[in-house]
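The primary structure of each chain is shown beneath.
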Amino acid sequence: MRRKEFRDLADPDEAHEAIASLDLRADDETVPLREARGRVLSERIDAALDVPGFDRASVDGYAVKAADTFGADEADPVELELVGEVHAGAEPDLEVGDGECAEISTGAVLPPGADAVVMVERTDTDGETVLVRTSLAPGDRVMFAGADVAAGERALGPGTVLTPREIGLLSALGVDEVPVRGKPTVGIISTGDELVRPGEPLNSDSGEIYDVNSYTTATAIEEAGGEARLYPHAGDDYEAMESVLREAASECDLVLSSGSTSASAVDVIYRVIEETGELLLHGVAVKPGKPMLVGRLDGSAYIGLPGYPVSALTIFRTFVAPAVRRAAGLPEPRTATISGEMAVRERYSEGRLRYMPAGVIEDGDGNTLVYPVDKGSGATTSLVEADGVVAVDPDMEYLDSGEKVEVQLFSADVRPPSLFGAGEDDPALSRLLDRIERPRYLGVGSRQGIRRLRDGVTDVAVVSGDAEPDDATELGGWTREWGLVVPAGNPDDIDGLTDLVDRELWFVNRTTDSGLRSTLGDAIADLADERGVDRHNLVSAIDGFEFSVRAHESPARKVLAGKADVGLGLAATADALGMGFVPCGTETVRVYGSDDRLEKPEVERLAAVIDDGASVIESLSGYDSQ
C-alpha cells in the first residue's frame, strides 16, 4: 500500500483559523439553579422583586422615630416607651408612635411608624423605658426595600459565569432555574488495534497498551467547559473506523480522535474524512503534534490529535481547548506563566515551532530554574513530570544555560516541587520521600543523578556504590543487599555469579546508568581477577548481560513472567514479589545535597527524615540504616 505523505505543513496560525471556522456551539438549555455552578448565562436576568422586599433592621436594637432622638447624647439621653418587640421572619403586630420604641432583631421588618434603628449598645433599659444615648437620622441602621436589588433592575447579563456569588444573588431573587449556554458535546475516539481500556485485561506480549488519551482528553474537555462522551476505540480498519466516526458525528458537536493521523500505510482516518466529509488541513508545523487533522464530518466538526499522550494533550491545550471554551461561552483563563532561567543548555533545530515540556525548580537563592522534560512523545510520565511548556521559535537553534524563558504552566495551581532529586531507584528512598511535602524524584540511575546535580538542575542526588559527586554534601544513607533474583524455589539451583558465566542462563541486567549495575561490574571484575582472565571475557560469557531494564523491580518482573532465568536485583524486591534470591553482597546508597542548596528547608527536612528513618529503612529485607 502506498504510504500517505503529509501535505504541506500548515502554519500554527492557519491551524487556529481552521479550528475557529468550525461550529462547535451547542443549543442553549435551562438547568436547575443547583446544577448551574460554572455554567454561562445565555440570557439577561432581571429582578422580578425587590431585594430585600421590605425595610429591615441591619442591627439588633430598637426601632424608633428618628425625630424623637434629636439632641440625645451620653450625658442627656432621651426616654422612650417600649411598646413591644419584632423578630426576624415575623410580621410586626405593632406600630411605633411618638415617644415610643420597639425592640427589634437584625433582619426583622421595620414596624410601621419607625424610620430608624438605634444599636442596643447605645441604649439602657429601665423597666418599660429605654434610654437612647445618641441622635439618629431617618434611615440609620435600616436597609430599605430594594436597596440590594430593585424590581425590574438588570441582575445578571448573558455571558456571566455562574460562581457561588451569582448563585447567591439568583437565590435571593427566587430564581430556581436559569438559561445557560449549552456545553459542546465532544465525542472521543482512540484509534489503534493495540489499545485496551484501563480495567480490562492487557496482553503485553502482543503489544497491547492501555488507552491513555481517552481519559486524559475527556478530563481536559470537561475542564475547558465541554461534555465528553467516550466511544469504543476503533481499530486500524476503514469500515470500523468510518462506522464509529459517523456514529459520533451524528451525536456530537465535535469528534475528537487520537492516533492514526501520521503518514503510514495503516492510517486510514484521513481517507475517512476526505471521502465522507471535508479535510481542512493535515499536518501542522509544530512539535510535538505535527500529524494533526482538522475537518468536517456529516455536519459535525472533526479534529484528529496525535497518538502519543504528551503530544495529544499539548495539541489539545494549545489548539482545541480555546475553541471548546469559546463554544461554551467561557472566557480564556488567566494566563498562568512563570519566568525563569534555563538550568541547562538545550539544543533544537527542526524548523518548526516547538512546545518543549519543562519543569521548574527554585535554587538555593529562590531563583526559578527551568529544565527540559523530554523523554520522547511516547513517555506518559512526561505528563506529570513537566509543569508547563516553553514555546521555542522555529529558527531557534538552542536555548543556552542561564537564558531567560517563559513557561506556560499547565495550570495556575502549578507550584514548583519543594524538593527535586534524581538518581538511583530505591524502595527505601520511595518510603522516605512520603514524609516530604511536594517532592519530585526521577529514578534515572546514579550516573544521571550525579550529572543533573553537577548541572545545577536538582537539589539532591541519590547514588549507590562508590561514586561521589563534586560540590555536594552527604545527607545520609543506608546499605542494601543485592544479588540475583530467581523464580521461587530457585528451580535452576543458582548459587552465585559463577553460574551466570559458566552456565547457559538468560540474564536480565540494569541499565548502564544504574549504580547497581556498576556494583555488579565490580564483582565480575573481582571474579575475573580470581580466574586470571580479562573481565570482558566473563561479561561476553553471560547471556543477556547487555539486555538491560530501568527500574529496580524490572529484572525481577522479567523473571517472574518467564522471560529470563535470573535478574539483577535486591533482596527487598525478591521478598516483595515472593521470589527466590541469591545474595551476592551489599552496597551503600548515599543521598547528596548540592552545596548551593543545603539551606533549602526541604533539603534540611530530607536530611532529618533520613536520620530518623531507621525503622522505615530496616523494615525492608536486606536493608540497614547507617
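Criteria and thresholds
Residues numbered from 1 in each chain as written. Predicted model: local features only at pLDDT ≥ 70, side-chain atom pairs only at ≥ 80, totals over all residues. Heavy atoms only, no water. Salt bridge = Lys/Arg side-chain N within 4 Å of Asp/Glu carboxyl O. Helix = DSSP H or I, 4+ residues; strand = E, 2+ residues; numbered from the N terminus. Buried < 20%, exposed > 50% of the residue type's maximum accessible area, 1.4 Å probe, protein only. Pairing = 2+ DSSP bridges. Axes fitted to C-alpha atoms, helices over the stretch in contact; angles between N-to-C directions. Contact = heavy atoms within 4.5 Å. Polar contact = N/O pair within 3.5 Å; in protein donor to acceptor, adjacent residues only side chain to side chain. Arc of directions from axis to C-beta. Parallel < 35°, antiparallel > 145°, perpendicular 65-115°, else oblique. Left-handed = near helix turned anticlockwise from the far one by under 90°. Nonpolar A, V, L, I, M, F, W, Y, C, P; charged D, E, K, R; others polar.

> Even after reading the chapter, I still don't get the pattern of salt bridges, so can you show me in this structure?
Where charged atoms from two side chains of opposite charge come close, those side chains can pair. Scanning the entire structure with this criterion turns up 29 salt bridges. With a shortest N-O distance of 2.6 Å, Arg246 and Asp298 are connected by a salt bridge. Separated by 52 residues along the polypeptide, Arg246 in helix H4 (residues 238-251) and Asp298 in the loop between strand S20 (293-297) and strand S21 (300-305) bring together distant segments of the chain. With a relative accessible area of 39%, Asp298 lands in the partly exposed category. A salt bridge links Lys600 to Asp459, with the nearest nitrogen and oxygen atoms 3.2 Å apart. Of this pair, Lys600 sits in the loop between strand S36 (580-594) and helix H15 (601-611) while Asp459 sits in the loop between helix H9 (446-454) and strand S31 (460-464), and the two are 141 residues apart along the sequence.

> Explain the sheet that holds strand S6 (residues 100-104) to me, please; I cannot follow it from the model alone.
Consider a sheet: its strands pair through backbone hydrogen bonds, and that pairing is either parallel or antiparallel. As summarised here, the arrangement of the six strands in space is S7-S4-S6-S5-S9-S8, forming an open sheet in which the pairing is mixed. This sheet does not close on itself; its edge strands, each paired only once, are strand S7 (116-119) and strand S8 (123-126). Neighbour-to-neighbour, the strand axes of this sheet turn through a mean angle of 40°, independent of strand direction. In this sheet, S6 lies alongside strand S4 (residues 61-64) in antiparallel orientation, the contact comprising four bridges. The partner of Ala63 across the bridge, within S6, is Ala102.

> Honestly, the environment of Arg352 in this entry has me stumped. Any pointers?
On the secondary structure map, Arg352 appears in the loop between strand S23 (346-347) and strand S24 (353-362). Using a relative accessible area of 16% as the deciding quantity, one classes Arg352 as buried. In the structure, Arg352 is positioned 240 residues away from Pro112 in sequence and 77 Å away in space, judged by C-alpha atoms. If we ignore the near neighbours within four places in the chain, the residues touching Arg352 are Ala285, Val286, Lys287, Lys290, Val392 and Pro394. Polar contacts involving the side chain of Arg352 include one to the main-chain carbonyl oxygen of Val286, which spans 2.7 Å.

> Is there a simple way to explain H9 in this structure?
Residues separated by three or four positions in an α-helix point in the same direction, a consequence of the helix having 3.6 residues per turn. Within the span of H9, buried status applies to Ser446, Gln448, Gly449, Arg452 and Leu453. Around the axis of H9, the buried residues are gathered within 165° of arc, so they sit on the same side. Of the exposed residues in H9, the ones pointing more than 90 degrees away from its buried face are Arg447 and Arg454. Looking at the buried residues of H9, the elements they touch are strand S29 (419-423), strand S30 (439-442), S31, strand S32 (472-486), helix H11 (515-531) and S36. Two residues or fewer past H9, Gly456 is found with a positive phi of approximately 80°.

> How should I be thinking about the packing of H4 against helix H5 (residues 269-276) in this particular structure?
Closest axis-to-axis distance for the H4/H5 pair is 10 Å, and the angle between their directions is 60°. Between H4 and H5, the angle is such that the two are oblique. As for how H4 packs across H5, the hand of that crossing is right-handed. Residue-level inspection shows Tyr238, Met241, Glu242, Leu245 and Arg246 of H4 in contact with H5, the latter providing Ile269, Arg271, Val272, Glu275 and Thr276. Across the contact of H4 with H5, the residue classes tally to five nonpolar, one polar and four charged.

> Explain unusual backbone geometry to me, please; I cannot follow it from the model alone.
Phi is mostly negative for residues that are not glycine, and the peptide bonds are mostly trans. A cis amide bond links Val51 to the next residue, Pro52, at an omega of -5°. Mapped onto the elements of the fold, Pro52 is located in the loop between strand S2 (45-46) and strand S3 (56-57). The step from Lys287 to Pro288 runs through a cis peptide bond, and the omega angle for that step is -5°. Here Pro288 is to be found in the loop between strand S19 (286-287) and S20. In this model, Arg438 sits at a positive phi of 55°, which is unusual for a non-glycine residue. Considering the arrangement of structural elements, one finds Arg438 in the loop between helix H8 (427-433) and S30.

> Honestly, the pairing of S21 in this entry has me stumped. Any pointers?
Looking along a regular strand, one sees the side chains alternate between the two faces of the sheet. Counting buried positions over the six residues of S21 gives six, a clear majority of the element. Burial along S21 is two-sided: the residues Ser300, Tyr302 and Gly304 and Ala301, Ile303 and Leu305 are all buried. Relative to S21, strand S17 (residues 254-258) runs parallel, the two being bridged by five bridges. Looking across to S21, one finds that Ser257 is bridged to Gly304. Pairing geometry for S20 and S21, over five bridges, is antiparallel. Residue pairing across strands places Leu297 opposite Ser300, the latter belonging to S21. Hairpin connection from S20 to S21: two residues lie between these consecutive antiparallel strands, with Asp298 at a positive phi of about 50°.

> Quick question: what am I supposed to make of the sheet that holds S20 here?
With mixed pairing, the six strands of this open sheet are ordered in space as S16-S13-S17-S21-S20-S18. Of all strands in the sheet, those with a lone pairing partner are strand S16 (227-230) and strand S18 (277-282), marking the two edges. Neighbour to neighbour, the strand axes of the sheet diverge by 20° on average, direction disregarded. Summarising the sheet, strand S13 (residues 185-190) and S17 pair through five bridges and their orientation is parallel. Paired with Ser190 across the strands is Ser258, a residue of S17. In the packing of H4 onto the sheet, the strands contacted are S13, S16, S17, S20 and S21, and the crossing angle to S13 comes to about 170°.

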